Amino acid sequence: MAETHVLFVEDDDVIREATQLALERDGFTVTAMPDGLAGLEAFRANRPDIALLDVMLPGLDGVSLCRRIRDESTVPVIMLSARADSIDVVLGLEAGADDYVTKPFDGAVLVARIRAVLRRFGHAGGVAGDSGEPGRPGERGVLTFGDLEVDTEGMEVRRAGEPVGLTPTEMRLLLEFSSAPGTVLSRDKLLERVWDYGWGGDTRVVDVHVQRLRTKIGQDRIETVRGFGYKLKA
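Below, the structure is looked at part by part. Treat the numbers as computed from the prediction; the structure is a model and nothing was measured. (Residues numbered from 1 in each chain as written. Predicted model: local features only at pLDDT ≥ 70, side-chain atom pairs only at ≥ 80, totals over all residues. Heavy atoms only, no water.)

## Focus: the side chain of Ser81
Line of reasoning, step 1. Following the sequence through the fold, Ser81 ends up in strand β4 (residues 77–81).
Line of reasoning, step 2. Excluding residues that lie within four positions of it along the chain, Ser81 makes contacts with Asp54, Val55, Asp88, Val101, Thr102 and Lys103. (Helix = DSSP H or I, 4+ residues; strand = E, 2+ residues; numbered from the N terminus. Contact = heavy atoms within 4.5 Å.)

## With respect to the pattern of salt bridges
Line of reasoning, step 1. Applying the stated criterion across every chain, the model contains 14 salt bridges.
Line of reasoning, step 2. Of the charged contacts, one joins Glu10 and Lys103 as a salt bridge, the two residues approaching to 2.9 Å between their closest N and O atoms. Of this pair, Glu10 sits in the loop between β1 (5–9) and α1 (13–25) while Lys103 is found in the loop between β5 (99–102) and α5 (107–124), placing the two residues 93 residues apart along the sequence.
Line of reasoning, step 3. Judged by relative accessible area, which is 1%, Glu10 ranks as buried.
Line of reasoning, step 4. One salt bridge in this structure joins Asp54 and Lys103, with 3.1 Å as the shortest N-O distance. (Salt bridge = Lys/Arg side-chain N within 4 Å of Asp/Glu carboxyl O. Buried < 20%, exposed > 50% of the residue type's maximum accessible area, 1.4 Å probe, protein only.)

## Looking at the nonpolar core
Line of reasoning, step 1. Counting residues in hydrophobic clusters, the biggest one holds 50 residues, and the most contacted among them are Leu53, Met79 and Phe177.
Line of reasoning, step 2. Element by element, the count of residues in this core is highest for helix α8 (residues 204–217), at six residues.
Line of reasoning, step 3. Apart from the residues within four sequence positions on either side, Met79 is in contact with Leu53, Asp54, Val55, Gly62, Val63, Cys66, Gly92, Ala97, Asp99, Tyr100 and Val101.
Line of reasoning, step 4. Of all hydrophobic cores here, the second largest spans 15 residues; its members include Val6, Ile50, Leu80 and Ile114. (Core = buried A, V, L, I, M, F, W, Y, C linked by side-chain atoms within 4.5 Å.)

## Describing the sheet that holds strand β8 (residues 156–159)
Line of reasoning, step 1. Spatial ordering of the open sheet is given by β6-β7-β8-β9, a layout of four strands whose pairing is antiparallel. One side of each edge strand has no neighbouring strand; the edge strands of this open sheet are β6 (142–145) and β9 (162–163).
Line of reasoning, step 2. Summarising the sheet, β6 and strand β7 (residues 148–151) pair through four bridges and their orientation is antiparallel. Looking at β7, one finds that Phe145 is bridged to Leu148.
Line of reasoning, step 3. The sheet contacts of helix α6 (residues 168–179) involve β6, β7 and β8, and relative to β7 the element is tilted by about 105 degrees. (Pairing = 2+ DSSP bridges. Axes fitted to C-alpha atoms, helices over the stretch in contact; angles between N-to-C directions.)

## Focus: α1
Line of reasoning, step 1. Over its 13 residues, α1 runs 18 Å from end to end, which matches the ideal 18 Å to within 8%, given 1.5 Å per residue.
Line of reasoning, step 2. By the burial criterion, the buried members of α1 are Arg16, Thr19 and Leu23. Viewed end-on, α1 has its buried residues packed into an arc of 80 degrees, placing them on one side of the element. Every exposed residue of α1 that faces more than 90 degrees away from the buried side is listed here: Val14 and Arg25.
Line of reasoning, step 3. Phi turns positive one or two residues past the end of α1, at Gly27, with a value near 95 degrees. (Expected span 1.5 Å × (residues − 1). Arc of directions from axis to C-beta.)

## So, the pairing of strand β3 (residues 50–54)
Line of reasoning, step 1. With five of five residues buried, β3 lies mostly within the body of the structure.
Line of reasoning, step 2. Residues of β3 alternate between two faces, with Ile50, Leu52 and Asp54 on one and Ala51 and Leu53 on the opposite face, all of them buried.
Line of reasoning, step 3. Of the strand pairs in this sheet, β3 and β4 are connected by four bridges, and their pairing is parallel. Considered in β4, the bridge of Ala51 is made with Val77.
Line of reasoning, step 4. For the handedness criterion, the β-α-β arrangement of β3, helix α3 (residues 62–72) and β4 is classed as right-handed. (Right-handed = clockwise from strand over helix to strand, strands pointing away.)

## What about unusual backbone geometry?
Glycine aside, the phi torsion of most residues is negative, and most peptide linkages are trans.
Line of reasoning, step 1. Between Lys103 and Pro104 the backbone carries a cis peptide bond, its omega angle lying at 0 degrees.
Line of reasoning, step 2. Although it is not a glycine, Arg47 sits at a positive phi angle of roughly 45 degrees.
Line of reasoning, step 3. Using a relative accessible area of 44% as the deciding quantity, one classes Arg47 as partly exposed.
Line of reasoning, step 4. For Ala160, which is not glycine, the phi dihedral falls at a positive 55 degrees.

## Observations concerning the side chain of Thr19
Line of reasoning, step 1. Within the secondary structure, Thr19 sits in helix α1.
Line of reasoning, step 2. With residues up to four places along the chain from it excluded, the contact list for Thr19 reads Phe8, Phe105 and Leu110.

## Regarding the packing of α6 against α8
Line of reasoning, step 1. Running from amino to carboxyl end, α6 crosses α8 at an angle of 85 degrees, the nearest separation of the two axes being 10 Å. As summarised for this structure, α6 and α8 are arranged roughly perpendicular, according to the angle between their axes. Residues Thr169, Glu170, Leu173, Leu174 and Phe177 of α6 form the contact with α8, whose participating residues are His209, Val210, Arg212, Leu213, Lys216 and Ile217.
Line of reasoning, step 2. Residue classes in the contact of α6 with α8 are distributed as six nonpolar, two polar and three charged. (Parallel < 35°, antiparallel > 145°, perpendicular 65-115°, else oblique. Nonpolar A, V, L, I, M, F, W, Y, C, P; charged D, E, K, R; others polar.)

Right, here's the structure in full:
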């Protein structure tokens, strides 16, 4: 099996070199770049399996780089930030990132987050088999909610007959909602099911992705249940 190709964009020489070595020891192929413009060129030239982008980059910052990548591809993106600052986190996620990791980070934690993202992207792409549960992700058939159609076999979504472009993470999130319409799903449960977190995570990841999903399938399709979570209107 081919090794997973990681694009790593980080301007700090020590962090870039140490992280590259750590990822390569874990079996990843790594293309490491020191700035955003070089990172964009490397992305276009190599088409990696996943991108790790520092927020603060010279030339083209990480958030802008994430937007440029997202305009061209649904490849998974993890943002790296030196601060657990709300603005950094939200801007990165709104730009299309699938997850974020706060620096300084433990190498084992970073690898675990990379593997978790890659697992769910494989699932969203249809690698996983039929779960056998009615309405669950992987079930054959089309689920309909008003003008929204979710094809759980073809992994396609249509709204009023028009195709809706979703990232794999957004698709996984919608599949969870559509598997249990009218049922409130907590943020922690969504982190576990969609982000594959076996540990506590930042629920802002869920909130931003729900907002992104709403803009694509309709603002009123997913309802906020204050203090509990979200549910898909049947």
